[in-house]
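Now for the letters of each chain:
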Amino acid sequence: MDLLTPNIGLVFWTTISFIILLILLKKFAWKPILKALEDRENSIQKSLDEAKNARDEMAKLTAQNDKILKEARLERESILKEAREVKDKIISEAKEIANSESEKIITSAKESINRERVMVINQIKSEVADLSVAIAKEVLKKELSSTDEQKKLVDTLVNQSKLN
């Protein structure tokens, strides 16, 4: 039970041992422990700063990515608008070409029809003239079979030519 009751000698030697321990700890352990704590604090602070920088960088990258996407959308819209304009222009030119070609074809067809019509009319006139001559020939053969009738016809024609 002597250990549990305070004794002046025991308190003295315990205090001396504690002070020596504190001096030894201060001299050999305290600085490394504080340095290790300070290093740990610095590394934690550095990690926090790096994390903050990474967050800021991610925010910048996200903003930059959004900006690039917006520019890409605008460029896509511009390209699509230009493509639509080119398409409309091509369609318009094709319509104009088709219209002019159809006008040329129609004009050519009308000219061809007119030429064919004139040619058919001339052919019909020629055939009517040939037919008329053939009919007249037959009629004259029949009527002028006698010489008296021939003299009568000549006299009539001469009289008619004198009148004209």
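### Section: the packing of aromatic side chains
Part 1: Scanning the entire structure with this criterion turns up 1 aromatic pair.
Part 2: Relative to Trp13, the ring of Phe12 lies with its centre 5.2 Å away and its plane at 70°, an arrangement referred to as edge-to-face.
Part 3: Using a relative accessible area of 44% as the deciding quantity, one classes Phe12 as partly exposed.

### Digging into the pattern of salt bridges
Part 1: Inspection of every chain in the model, using the stated rule, returns 3 salt bridges.
Part 2: For Arg76, the salt bridge goes to Glu77, with nearest N and O atoms at 3.3 Å.
Part 3: By relative accessible area, Arg76 is classed as partly exposed at 47%.
Part 4: Its salt-bridge partner being Lys104, residue Glu101 comes within 3.9 Å of it at the nearest N-O pair. One end of the pair, Glu101, and the other, Lys104, are both in helix 1 (residues 8-143), 3 residues apart, so they sit about a helical turn from each other.
Part 5: Accessibility expressed as a relative area gives 54% for Lys104, which makes it exposed.

Conventions used here
- Residues numbered from 1 in each chain as written.
- Predicted model: local features only at pLDDT ≥ 70, side-chain atom pairs only at ≥ 80, totals over all residues.
- Heavy atoms only, no water.
- Phe/Tyr/Trp six-rings, centres within 6.5 Å; stacked < 30°, edge-to-face > 60°.
- Buried < 20%, exposed > 50% of the residue type's maximum accessible area, 1.4 Å probe, protein only.
- Salt bridge = Lys/Arg side-chain N within 4 Å of Asp/Glu carboxyl O.
- Helix = DSSP H or I, 4+ residues; strand = E, 2+ residues; numbered from the N terminus.

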